[in-house]
Amino acid sequence: MNNNDIDVSKKNNTTEKEYWDNYYNVGKDHHYPSSFSKFCLENYLIQPSKILDLGCGNARDSFYFAKNGHNVVGIDYSTVVIDQNCKLSKELNLSGSTTFKASSFSIDLQNYIDFNAVYSRFSMHTISYNEQQKVTNDVYRLLVKGGLFFIECRTINDFSYLKGKKLSEFERYTDHYRRFIDSTNFLSELIQKGFVVKFFCESKDLAVLDSENPIVARYVLEKF
């Protein structure tokens, strides 16, 4: 079986929203930019760009990009964190370069167009396979020619793949839902959609957070 065999996610969207609203309400997340955002900025985001941040969370990477001359639209399912982001954006004097919307990025991308880059860090594995198919199709459409798609996600080689309740071959539930991605299958699918691979790797030591060191895949893809 591969990722193509997963047709229906067993996650409960209401429960997931409640989990993330509570997560951000108690302020668990870190606020410094991730190593992935630094990697993207230092190696690829050379010119001022219009960036769409999918599953932006507390916007630590959105704000990092904005502080470095980019315009960012951040989307997240949690209304709690979006309200926090809008408030912090004003406090940081970044209202002119950041916009935040409470929405499911797996559904609500039809009105977005002409972005130079789409950024997805630790959000692709929060959606079902069918949702992933829709998102990647939408991203290809909304990017300008030469636009970049940045993805960092957990893979089937991550230790967390063995934890939690098994919902399907690739889906697990602990205190929230995760779908673990076969990195090479996903890469092949993205190529088939028309993306050109500029960078790909799968490794630990890329997304270290406190004592956690997951195995993740990093992708940089270009709309040709």
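Everything that follows concerns the structure shown earlier in this document.
Reading the values: rules and limits
- Residues numbered from 1 in each chain as written.
- Predicted model: local features only at pLDDT ≥ 70, side-chain atom pairs only at ≥ 80, totals over all residues.
- Heavy atoms only, no water.
- Helix = DSSP H or I, 4+ residues; strand = E, 2+ residues; numbered from the N terminus.
- Rg over C-alpha atoms; globule rule 2.2 N^0.38 Å.
- Buried < 20%, exposed > 50% of the residue type's maximum accessible area, 1.4 Å probe, protein only.
- Contact = heavy atoms within 4.5 Å.
- Polar contact = N/O pair within 3.5 Å; in protein donor to acceptor, adjacent residues only side chain to side chain.
- Expected span 1.5 Å × (residues − 1).
- 1 Å grid on protein atoms, 1.4 Å probe; cavity = no way out; pocket = protein on both sides within 12 Å on 5 of 7 lines; lining within 4 Å.
- Points joined across faces, edges and corners; volume = space filled by probe spheres on them.
- Nonpolar A, V, L, I, M, F, W, Y, C, P; charged D, E, K, R; others polar.
- Phe/Tyr/Trp six-rings, centres within 6.5 Å; stacked < 30°, edge-to-face > 60°.
- Lys NZ or Arg CZ within 6 Å of the ring centre and 35° of its normal.

Q: Would you explain the overall build of the protein in this entry?
A: Counting secondary structure elements, the protein contains six helices and 10 strands. In terms of overall size, the protein behaves like a compact globule, its C-alpha atoms giving a radius of gyration of 16 Å where 224 residues would be expected to give roughly 17 Å. Judged by the C-alpha coordinates and their principal axes, the protein covers about 45 × 40 × 35 Å. Out of the 224 residues belonging to the protein, those deemed buried represent 52%. When contacts within the protein are restricted to residue pairs at least 6 apart in sequence, those whose partners lie at least 24 apart make up 74%.

Q: It is not clear to me how the side chain of R154 should be interpreted in this structure. Could you clarify?
A: For R154, the location among the structural elements is in strand β5 (residues 143-154). Judged by relative accessible area, which is 3%, R154 ranks as buried. Side-chain polar atoms of R154 contact the side chain of S160, separated by 3.5 Å. Setting aside chain neighbours within four positions, we find R154 in contact with F122, H125, S160, R178, F180, I181, E212, P214, I215 and V216.

Q: Would you mind going over helix α5 (residues 129-142) with me for this structure?
A: One full turn of an α-helix is made of 3.6 residues, so residues set three or four places apart face in the same direction. Look at α5: 20 Å from first C-alpha to last across 14 residues, which is about the 20 Å you get at 1.5 Å a residue. If you check which residues of α5 are buried, you get Y129, E131, Q132, V135, T136, D138, V139 and L142.

Q: How do you make sense of empty space enclosed by the protein when you look at a structure like this?
A: Which parts of space are left empty comes out when a probe the size of a water molecule is rolled across the atoms. Counted by the stated rule, this structure contains one cavity of 30 Å³ or more. In this structure, the largest cavity occupies an estimated 30 Å³ of space. In terms of lining residues, the largest cavity is bounded by S160, K163, R172, Y173, T174, H176, R178 and F180. Class assignment of the residues belonging to the lining of the largest cavity gives a composition of two nonpolar, three polar and three charged.

Q: Could you clarify how one ought to interpret the packing of aromatic side chains in this entry?
A: Counted according to the given criterion, the structure contains 14 aromatic pairs. With a centroid separation of 5.5 Å and 70° between ring planes, the pair formed by F63 and F100 is classed as edge-to-face. A residue pair is termed long-range when its members are at least 10 positions apart, and F63 in helix α3 (residues 60-67) and F100 in strand β3 (residues 98-102) qualify at 37 residues. Each member of the pair, F63 as well as F100, is classed as buried. Both rings, one in F200 and one in Y219, keep their centres 5.1 Å apart while their planes meet at 40°; by these two values the pair is tilted. A residue pair is termed long-range when its members are at least 10 positions apart, and F200 in strand β9 (residues 195-203) and Y219 in strand β10 (residues 216-223) qualify at 19 residues. Accessibility expressed as a relative area gives 28% for F200, which makes it partly exposed. Members of the aromatic cluster, connected to one another through ring pairs, are F36, F39, Y44, Y64, F65, Y119, F150 and F199. The residue whose ring lies beneath K50 is F115, and the NZ or CZ to ring-centre distance is 4.5 Å. Over the aromatic face of F122 sits the side chain of R121, whose NZ or CZ is 4.5 Å from the ring centroid.

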